[in-house]
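Per-entry structural report
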Amino acid sequence: MPERAQPAQEPLDGHEDAEGEALRARGEQAQRRRQGARGLEIGRELGQPDPLLRSRPVPHQGPEDRRGGGQYHRGARRRARSIHGGLAQGGPVTDMTDKQQDSGAASPDRAEENKLIAERRGKLAALRGRGGPAFPNDFRRTALAGQLHGAYGERDREWLEANPTRVSVGGRMMLKRSQGKVSFANIADRTGQIQLFLQRDAVGEEAYADFKTWDVGDIVGATGLIFRTNAGELSVRVESLRLLVKSLRPLPDKWHGLADVEMRYRQRYVDLIVNEASRNVFRTRARIVRYLRDFLDALDFLEVETPMMQPIPGGAVARPFVTHHNALDLDMYLRIAPELYLKRLVAGGFDRVYEINRNFRNEGLSTQHNPEFTMLELYLAYADYRDIMDWVEKAIRGLAETLHGSQRLTYQGREYDLSRPFRRVTVEQAILENNPDFDPLSMRDPTYLRKFCERLGIPVHPHDGPGKLQIEIFEKTAEHTLMDPTFVHAYPAEVSPLSRANDADPFLTDRFEFFLAGRELANGFSELNDPEDQAARFRAQVARKERGDEEAMYYDADYVRALEYGMPPTAGLGVGIDRLVMFFTDSPSIRDVILFPHMRPE
RNA sequence: GGGGCGUUAGCUCAGUCGGUAGAGCAUCGGACUUUUAAUCCGCUGGUCGACGGUUCGAUUCCGUCACGCCCCA
């Protein structure tokens, strides 16, 4: 329901009130801004209310010529500029910017300029020549497209005529249909599109002529009454309109949209302007993260943030990115996982913690791997890996229900029924199921495993033990077959240096991985909280590293020290958020669910 | 790292068995006062990814490279 979309009995009545209200609001903003640069930034981030969410007594904002030039604006602009200047003063940031601009060699932008852009630059120049700001920021919306459709979508022409409602809408012009003395335009805001209806005789000859020079892609603001056209489309009968932003670059084809995947990833802004499906992927992504936060918050988890730059990269088996801290003259690593820090927190008494944030792994790219990706990691004390599996199952179902309203969904053309109990198999079972000729009695025989690997064409290292060899076989032959949701558990200790050993069978750990659509989505285990066992496992990793295994872990003495103070019995979980989003948005590539996926520079 | 495919107008795509290229949409000019990808008329618009080779002639054939996508390691 649009707060401001109240019937305006007398359009001109209350106009001054509206103006006064707007000015008062701006005065408050100005006051906040006077508290200094820091205050302004915080105000923008946190404090400044969205004008759309604040109710005002009258829906009408008044004609634009009353809004351009007041003291408030000049003052605000001056302050804003000085803030930018402050940020840009000296320092390496400025240097870098300058360098980038210089090395840009006669501005690469110009090179790709064409007639269409030149045309629009000409229009912008004409706009500047008129005086007044070419990019004004004093237009305010009173309604969004989606609100209007929601509130008036069911109303017929007669009702709308009997209840005149004046609104101001703003957005990017997506379609434009001019036919002589009347024109239609569709403008898009974050909630959808609404049609504008313009008549020359209603907006005036000059404004109408201006409008005709505007282009699809321009951002406009319009004020008028809600009505329904002859064809029945809910529209705004424009009384006044303004060009707010001249768009210099033409949008992709209005019908075919943007198909070039490279451009969709590199210029995501264009993709988002044009492709509703793409916008929806990222909305769904946000809903998924929100769901998980709600899920964990309801269980009294504490959300925390742990270092992204670590002196010792730990918590996973992966190659890290290296960076350098100048003041400390110290190499640091972008984290490959937050695990060891989160468990320090469990030792510290935060015995239900989670973090949703980026990890960085210096490895290849694929449809399932981006160098930076988002993980949910959580730890809870007094629980084991079976409890975690139950939670994963519950959360996956809850997500399906929340996002799709159903436990049955389709991913890449295949049906998934999440309502059935998720399958649980051990690593060794999974190997046997997918390798009929595998000798079950030789399951842990290094010589046999080595030969089997060689037969499969898996490169093996001389120091690989039976556990590592098992996992190689599992990954090669079984992983991609696990389409329906499956927990694979009982991972070898050899490849699980942070997992608790199984009480009955120390070859194994109490660890699982969760597979869906043939790929790993989550990894969880009962945590190894025996400091002496952990120290021994770290030593074994260091030995591997010394033998040339770049992915082996470092010895983290402080982490062992934390365990020596005592960490309660704990279970933990890591969930690959990007892959989860892929599944629930039916996206074939991880790049489809990351706003700015890693690409080689243009 | 290996293999396959792709790169042509702003966008979406054709095409040239080797003779320097087309369509739709967009742009530009014109007509049109209720359109829905508006319609109609007219005009523009290209280093055919880059470099090299073969050839009288290469966007087309060959090679190398760049970028992208897919598969494999």
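What counts as what
- Residues numbered from 1 in each chain as written.
- Chains lettered and ligands numbered in written order.
- Predicted model: local features only at pLDDT ≥ 70, side-chain atom pairs only at ≥ 80, totals over all residues.
- Heavy atoms only, no water.
- Near = heavy atom within 4 Å.
- Polar contact = N/O pair within 3.5 Å; in protein donor to acceptor, adjacent residues only side chain to side chain.
- Pairing = 2+ DSSP bridges.
- Helix = DSSP H or I, 4+ residues; strand = E, 2+ residues; numbered from the N terminus.
- Contact = heavy atoms within 4.5 Å.
- Axes fitted to C-alpha atoms, helices over the stretch in contact; angles between N-to-C directions.
- Core = buried A, V, L, I, M, F, W, Y, C linked by side-chain atoms within 4.5 Å.
- Buried < 20%, exposed > 50% of the residue type's maximum accessible area, 1.4 Å probe, protein only.
- Phe/Tyr/Trp six-rings, centres within 6.5 Å; stacked < 30°, edge-to-face > 60°.
- pLDDT = per-residue confidence, 0-100.
- Salt bridge = Lys/Arg side-chain N within 4 Å of Asp/Glu carboxyl O.

1. Re the protein's contact with RNA strand B
- Taken together, 45 residues surround RNA strand B, and among them K115, D201, T229, E262 and K476 come closest.
- Close to the protein, within 4 Å, the atoms of RNA strand B belong to sugar or phosphate groups at a rate of 59%.
- A distance of 2.6 Å is found between a base nitrogen of RNA strand B and a side-chain nitrogen or oxygen belonging to E233.
- Side-chain polar atom of K254 to a phosphate oxygen of RNA strand B: 2.7 Å apart, as the coordinates give it.

2. Describing the pairing of strand 13 (residues 414-417)
- As paired strands, strand 12 (residues 408-411) and strand 13 are joined by four bridges and run antiparallel to one another. Note on strand 13: the bridge partner recorded for R408 is D417.
- Taken together, strand 12 and the strand that follows it, strand 13, pair antiparallel across an intervening segment of two residues, in which Q412 is found at a positive phi of about 50°.

3. Section: the sheet that holds strand 14 (residues 423-426)
- Across the sheet, which stays open at both edges, the eight strands sit in the order 6-10-11-18-17-16-15-14 with mixed pairing between neighbours. The open sheet has two edge strands with one neighbour each: strand 6 (302-303) and strand 14.
- Pairing geometry for strand 14 and strand 15 (residues 486-489), over four bridges, is parallel. Its bridge partner being in strand 15, T426 is matched across the sheet by H489.
- Strands strand 10 (352-360), strand 11 (372-381), strand 17 (519-526) and strand 18 (570-576) of the sheet are contacted by helix 14 (residues 339-347), whose axis makes an angle of about 25° with strand 11.
- Against the sheet, helix 21 (residues 577-584) makes contact with strand 11, strand 16 (511-516), strand 17 and strand 18, and its axis sits at roughly 55° relative to strand 18, the strand it touches most.

4. Quick notes on the sheet that holds strand 7 (residues 309-310)
- Read across the open sheet, the three strands follow the order 7-9-8; overall the sheet is antiparallel. Looking at which strands have only one partner, the edges of the open sheet turn out to be strand 7 and strand 8 (322-325).
- Relative to strand 9 (residues 330-334), strand 7 runs antiparallel, the two sharing two bridges. Bridge assignment links M309 to a residue of strand 9, and that residue is L334.

5. Comments concerning the nonpolar core
- Core analysis: the biggest nonpolar cluster contains 49 residues, and L376, L378, F512, F514, L580, F583 and F584 have the highest contact counts within it.
- The element that contributes the greatest number of residues to this core is helix 15 (residues 385-404), accounting for ten residues.
- Setting aside residues no more than four positions away along its own chain, L378 makes contact with L296, F301, V353, Y354, I388, A571, G572 and L573.
- Residues A143, A145, I187 and V238 belong to the second largest nonpolar core, which totals 28 residues.

6. Remarks on the packing of aromatic side chains
- All told, the structure shown has 24 aromatic pairs when counted by the stated rule.
- Seen in terms of ring centroids, F197 and F227 are 5.4 Å apart; in terms of plane orientation they differ by 50°. Their pairing is tilted. Separated by 30 residues along the polypeptide, F197 in strand 3 (residues 192-199) and F227 in strand 4 (residues 219-228) bring together distant segments of the chain. In this structure, F197 and F227 share a single accessibility class: buried.
- Each ring, one from F538 and one from Y559, has its centre 6.2 Å from the other, and the planes form 75°; the classification is edge-to-face. One end of the pair, F538, is in helix 19 (residues 531-546); the other, Y559, is in helix 20 (residues 557-565), with 21 residues separating them in the sequence.

7. Structural notes on the confidence of the model for chain A
- Confidence along chain A averages 84 in pLDDT terms, with 81% of residues attaining 70 or more.
- Below a pLDDT of 50 lies the segment residues 1-111, which in the model reaches 102 contacts outside its immediate sequence neighbourhood of four places, other chains included.
- Two summary scores accompany this predicted model of the complex, namely pTM at 0.83 and ipTM at 0.93.

8. As for the pattern of salt bridges
- Using the criterion set out here, one finds 41 salt bridges in the structure.
- Between R423 and E433 there is a salt bridge; the shortest N-O distance is 2.6 Å. Of this pair, R423 sits in strand 14 while E433 sits in helix 16 (residues 427-434), and the two are ten residues apart along the sequence.
- We classify R423 as partly exposed; its relative accessible area is 36%.
- The partner of R500 in a salt bridge is D510, and the shortest N-O contact between them spans 3.7 Å. Of the two residues, R500 sits in the loop between strand 15 and strand 16 while D510 sits in the loop between strand 15 and strand 16, which places them ten residues apart along the sequence.
- Take R500: its relative accessible area is 28%, and that puts it in the partly exposed class.
- One connected set of salt bridges, linked through shared partners, spans R120, K123, D215, D218 and K246.

9. Some thoughts on helix 21
- Among the eight residues of helix 21, eight are classified as buried, and the element is accordingly described as predominantly covered.
- The set of residues buried in helix 21 consists of I577, D578, R579, L580, V581, M582, F583 and F584.
- Backbone geometry just after helix 21 places D586 at a positive phi near 55°.

10. Focus on the environment of N230
- With respect to the secondary-structure elements, N230 resides in the loop between strand 4 and strand 5 (234-245).
- Taking the C-alpha atoms as reference, N230 lies 8.9 Å from R157; in sequence the two are 73 residues apart.
- Looking at N230, its side chain comes within polar contact range of the side chain of R157, at 3.0 Å.

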